Structures are given as C-alpha cells and as structure tokens.
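Chain by chain, the residues:
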Amino acid sequence: FGAPGGVPPATEQPSAPEQATSEIYYVPSVCFEALAAKLKNGQKVTMAEIQPLLNPMDADDGADMLPVDLAAVRNKAGEPYEDVDDMAELLGPKGCVEAFARAREYFVQNKGGEPEEGRATTIKGKQLKAMMMEDMDENEAVYAANAAESAAKRAKTS
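Quick caveat, the model's predicted, so the values are computed rather than measured. (Residues numbered from 1 in each chain as written. Predicted model: local features only at pLDDT ≥ 70, side-chain atom pairs only at ≥ 80, totals over all residues. Heavy atoms only, no water.)

K.L.:
Could you give an account of unusual backbone geometry, with specific residues and numbers?
P.N.:
In this structure, N110 is a non-glycine residue whose phi angle is positive, near 50 degrees. Turning to its location among the elements, N110 is positioned in the loop between helix 3 (84–108) and strand 5 (123–124). (Helix = DSSP H or I, 4+ residues; strand = E, 2+ residues; numbered from the N terminus.)

Put into structure tokens, the structure is as follows:
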C-alpha cells in the first residue's frame, strides 16, 4: 500500500470480467477494536491513539493483526490515498478510524470477490513483520537487478 509498515496490495483475478484489486493492510486487533468502541460511544480519538494502526511493524510479536482491505477507502477524487499516514493526516483521527472500520467491513464481506483459498487471515505481529521484511528484501533485489540492467545498457551505448 506504499505505507511505512504497510503491506503491498495483492491483486486477485475474480470471475467477473473486471479485475478486482485488494489492498490488504493489517492493524492490531486490540487497538482497532478499542478505537472503534470509543467512536461508537461518541468519545474523542487522538492522533497518538491511532499510531498503532499506522505503524503495524511496531506491534507486539504476539499481537493479533486483523486484515483490512483499503480498496474500500478513497479520497474525495475517488483515488486511493498515497499511504495510511496521508489518509490519517487528511481525515484526522476520527476519520482515520472510520476509514479502517470501512476497510475491515469491506474485507469481512469480501466485497473484492477474492477466492477464499489463499485469502488473508488474522496473523500474529511476528508473522506480519516477517512478511514485510521478505517483501522489502524482494523489492531491494528487484531494484538492484533493474539498476544493474540500466548500467549494462548505458555501458553498451557509451
């Protein structure tokens, strides 16, 4: 999702002619549920309180991490936010929690039409961190390969 601590979006092939895109992101269950309850009770939510939602890499290794589908969340122009920090800055703490609640509901109802097999599930913080580190390593390898290819092309044209 391009967010610090975010999980890259997963693209699935639905049976419909259009391609559905999932933007799976994980939030700490305890924090998410507590903040959703605060909003439901009309209590104020602060930027400090939403930080665990924005920084899942900071979650405890044993914390339950809920998948949410940020495909449900768009800005006024109908575009995805640049990242969750951008979303929080633009929507404020209350709007951010509401957006994550919409994303969770979208995921639970499987509005993206993802096949059940291979679908994201609740994981532990330690698993999320391992997945994210693996993704970073893969991204670095792709970057290095692209840089080497560019250097080779420049060498041939020099």
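K.L.:
Requested: an account of helix 1 (residues 29–40), with residues and values cited.
P.N.:
Since one α-helical turn is 3.6 residues long, residues separated by three or four positions face the same way. Taking 1.5 Å of rise per residue, twelve residues should cover 16 Å, and helix 1 covers 16 Å from first to last C-alpha, within 8% of that figure. Burial in helix 1 covers these residues: S29, C31, F32 and L35. One side of helix 1 holds all its buried residues, which, seen down the axis, span an arc of 170 degrees. Opposite its buried face, helix 1 presents the exposed residues V30 and K40, each directed more than 90 degrees away. Contact partners of the buried residues in helix 1: strand 3 (24–28), helix 2 (47–54), strand 4 (64–69) and helix 3. With its phi angle positive at about 75 degrees, G42 sits one or two positions after the end of helix 1. (Expected span 1.5 Å × (residues − 1). Buried < 20%, exposed > 50% of the residue type's maximum accessible area, 1.4 Å probe, protein only. Arc of directions from axis to C-beta. Contact = heavy atoms within 4.5 Å.)

K.L.:
Explain the packing of aromatic side chains to me, using residue names and the numbers behind them.
P.N.:
Under the criterion given, the structure shown has one aromatic pair. Measuring from ring centre to ring centre gives 5.8 Å for Y25 and F100, while their planes differ by 25 degrees; the resulting arrangement is stacked. With a gap of 75 residues between them, Y25 in strand 3 and F100 in helix 3 connect regions that are remote in the sequence. Grouping residues by exposure puts Y25 and F100 together as buried. Sitting above the plane of the F107 ring, R119 keeps its charged end 4.0 Å from the centroid. (Phe/Tyr/Trp six-rings, centres within 6.5 Å; stacked < 30°, edge-to-face > 60°. Lys NZ or Arg CZ within 6 Å of the ring centre and 35° of its normal.)

K.L.:
Break down the nonpolar core for me, with residues and values.
P.N.:
Membership of the largest hydrophobic core comes to 22 residues, with the highest contact counts inside it found for V27, I50, L53, L70, M87 and F100. Contributing elements (two or more residues each) for this core: strand 3, helix 1, helix 2, strand 4 and helix 3. Looking at which element gives the most residues to this core, the answer is helix 3, with eight residues. When residues no more than four places from it in sequence are discounted, the contact partners of I50 are L35, V45, A88, P93, C96 and V97. Ranked by size, the runner-up nonpolar core spans nine residues in total, among them A59, F107, A120 and L128. (Core = buried A, V, L, I, M, F, W, Y, C linked by side-chain atoms within 4.5 Å.)

K.L.:
Describe the pairing of strand 4, naming the residues involved and giving the relevant values.
P.N.:
Burial runs high along strand 4: five of the six residues are buried. In the sheet, strand 3 pairs with strand 4 via five bridges, with the strands oriented antiparallel. Each residue of the ladder has a partner; that of V27, found in strand 4, is L66. In terms of strand pairing, strand 4 meets strand 5 through two bridges, oriented antiparallel. Each residue of the ladder has a partner; that of D64, found in strand 5, is K124. (Pairing = 2+ DSSP bridges.)

K.L.:
Summarise the pattern of salt bridges; cite the residues concerned and give the values.
P.N.:
For the coordinates displayed, the defined rule picks out six salt bridges. Residue K129 is joined to D61 by a salt bridge in which the shortest nitrogen-to-oxygen separation is 2.8 Å. Of this pair, K129 sits in helix 4 (residues 125–157) while D61 sits in the loop between helix 2 and strand 4, and the two are 68 residues apart along the sequence. (Salt bridge = Lys/Arg side-chain N within 4 Å of Asp/Glu carboxyl O.)

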